[in-house]
Amino acid sequence: MLIYQDYNLQSVNTLALPSIAKKMVCFDHQDQLGPLQRMMSAAPRRWVLGGGSNMVLADYVDALIIKMQNKGIRVVAETTTEVVVEAQAGENWHQFVQYCLNRGWFGLENLALIPGTVGAAPVQNIGAYGVELDQLVEQVQVWDVELAEWRRFSVTDCAFSYRDSFFKRNQVGRYLITAVQFRLKKLSAWQPVLRYPDLQNHPDLQGEVTAQAIFDAVVQVRQRKLPDPDVLANAGSFFKNPIVSVAHYQKLVAQYPELVAYPHGEQHYKLAAGWMIERAGWKGKQIGPVGMHKNQALVLVNYGGATAHDVAELVQKVRADIKALFEVELEQEPIPVC
Ligand code: EPU
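Parameters and conventions
Residue positions are given per chain, counted from 1 along the sequence in the order it is written. pLDDT decides what is reported in this predicted model: residues at 70 or higher carry local features, side-chain atom pairs at 80 or more are listed and counted, and totals for whole chains, interfaces and linings draw on all residues regardless. Side-chain numbers here rest on the full set of heavy atoms in the structure, without hydrogens or water. Consider each residue's heavy atoms; a residue with any of them within 4 Å of a molecule or strand counts as near. Here a polar contact is recorded for every N or O atom pair within 3.5 Å, except that within protein the pair must consist of a potential hydrogen donor and a potential acceptor, and residues adjacent in sequence are included only if both atoms are side-chain atoms. Strands are runs of DSSP state E lasting at least 2 residues, helices are runs of H or I lasting at least 4, and numbering of each runs from the N terminus. Polar here means any residue outside two lists: the nonpolar Ala, Val, Leu, Ile, Met, Phe, Trp, Tyr, Cys and Pro, and the charged Asp, Glu, Lys and Arg; Gly therefore counts as polar. An automatic or database domain assignment supplies the residue ranges for each domain. Contacts between residues were defined by any pair of non-hydrogen atoms, one from each residue, lying within 4.5 Å. The buried area of a pairing is the accessible area, by a 1.4 Å probe, that goes missing from both parts when the two are put together, added over both. A pair is scored as a salt bridge if a Lys or Arg side-chain nitrogen falls within 4 Å of a carboxyl oxygen belonging to Asp or Glu. Buried means the residue's accessible area, taken with a 1.4 Å probe over protein chains only, is under 20% of the maximum for its type, while exposed means over 50%, and partly exposed covers the values in between.

*Asks:* With reference to specific residues and values, describe the site of the ligand.
*Replies:* Near the ligand there are 25 residues, and of these Y129, Y162, Y196, E278 and Q296 occur at the shortest range. A distance of 2.8 Å separates an oxygen atom of the ligand from a polar side-chain atom of N241. Where the shell around the ligand is concerned, the elements lending two or more residues are β8 (127–128), α6 (211–225), β13 (233–237) and α8 (273–279). Looking at the shell around the ligand residue by residue, the classes come out as 11 nonpolar, six polar and eight charged. Residue assignment places the shell around the ligand across two domains, with domain 2 (73–224) and domain 3 (227–337) each supplying three or more.

*Asks:* How would you summarise the domain arrangement of the protein chain if you had to cite specific residues and measurements?
*Replies:* You'll often see interface size given as the accessible area lost when the parts meet. When its domains are assigned, the protein chain resolves into domain 1 (3–68), domain 2 (73–224) and domain 3 (227–337). Domain 1 and domain 2 are separated by 24 Å when their C-alpha centres are compared. Taken together, the contact pairs 15 residues of domain 1 with 20 residues of domain 2. Of the roughly 1,400 Å² buried between domain 1 and domain 2, counting both surfaces, carbon and sulfur atoms make up 65%. Taken together, domain 1 and domain 2 are joined by one salt bridge. A salt bridge links E146 to R46; its shortest N-O distance comes to 3.9 Å. Counting across the domain 1 and domain 2 interface gives five residue pairs in polar contact (both at pLDDT 80 or more). Those elements that place two or more of their residues in the side of domain 1 that touches domain 2 are α1 (33–42), β3 (46–49) and β5 (60–68). Its residues assigned to classes, the side of domain 1 that touches domain 2 comprises seven nonpolar, seven polar and one charged.

*Asks:* Explain the pattern of salt bridges residue by residue, including any values.
*Replies:* Pairing of side chains with opposite charge becomes possible as their charged atoms draw close. Summed over the entire model, instances satisfying the criterion amount to 21 salt bridges. A salt bridge links E258 to R279; the shortest N-O distance between them is 3.6 Å. Of this pair, E258 sits in the loop between α7 (246–255) and β15 (261–264) while R279 sits in helix α8, and the two are 21 residues apart along the sequence. Residue classification places R279 among the partly exposed residues on the basis of a relative accessible area of 41%. Salt bridges linked by common partners bring R46, D144, E146, R151 and R174 together as one network.

Here's what the structure looks like:
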């Protein structure tokens, strides 16, 4: 098991922030759980790291970082219409989606090209193009560091909601997600999800569609709109789309008839934060080494050399403008790690 002291996390977070971790350990295999548990229980603070694609790191992280690198995919159960497949936490998310598609296990195709790992996916309940992870999860395998025992979280236990879960809200560092099981469909039981406007209007998705065609379209749309973190450092959407009351929505739409919003249950609307940030004049705007992306104003990018301080300054300015214009508090999506 590889152990590092004062490790610079810059190359393992997609926002490329320089950050020194007091200690980092790489978890590759379940056999390492004994020694790892001893280290974890002795560490006053712990953070679990997957692909580093949804976090904002402080300059110094006074904690033990556990980097999940365990690999493996296996079928747990199978019928003529469904398959329950388990992937280890360290599997790359996009490669796992591709693996399932190639074997004729469908449902994950709308979630193609999301950066990060399988183990991190339930934490923020990843979602895109009309599908959220919680619709496909069967259960999550967790090592409880405090009780030193295995636990299996059902979908209900995970308390999923929009970009949120039990794991994001409760004692970060206590629950080590080691594997996730998904219930996927075989062709005879599969239904395409095409309600998202980008897919509904896509020229390759008219008439009868395949899961492969959806996968290809999602990859194409994402590549067009979202910066590749390997080319331009970013952590995906930097803010959640805010959820407001019907009354608030009605007030806003009277003022801004072109406002982009979607009904969210009966009593709420979800507002497109990207649209609001663009309307506030931040799209493509830069302050020092950071800015809001020119194609997708919801994505904060690091043009090179940014620190946590630069990010915080930009975030504060964007949030203040959105508050002033729309009376909405933008909530940060990536997890702050300090
Ligand atoms: N829009 C603008 N200007 C912008 C950006 C967006 O006017 O600069 C408008 C778009 O034209 C569209 C609406 O806002 O009418 C929504 O934009 P988009 O379809 O790009 O999606 P989003 O709401 O900005 C969310 C997720 C993304 C996910 C896409 C597709 C959140 C916080 N973000 O973005 O997830 O890929 O929908 O489903 O919910 C992520 O979480 O990191 C992420 C990329």
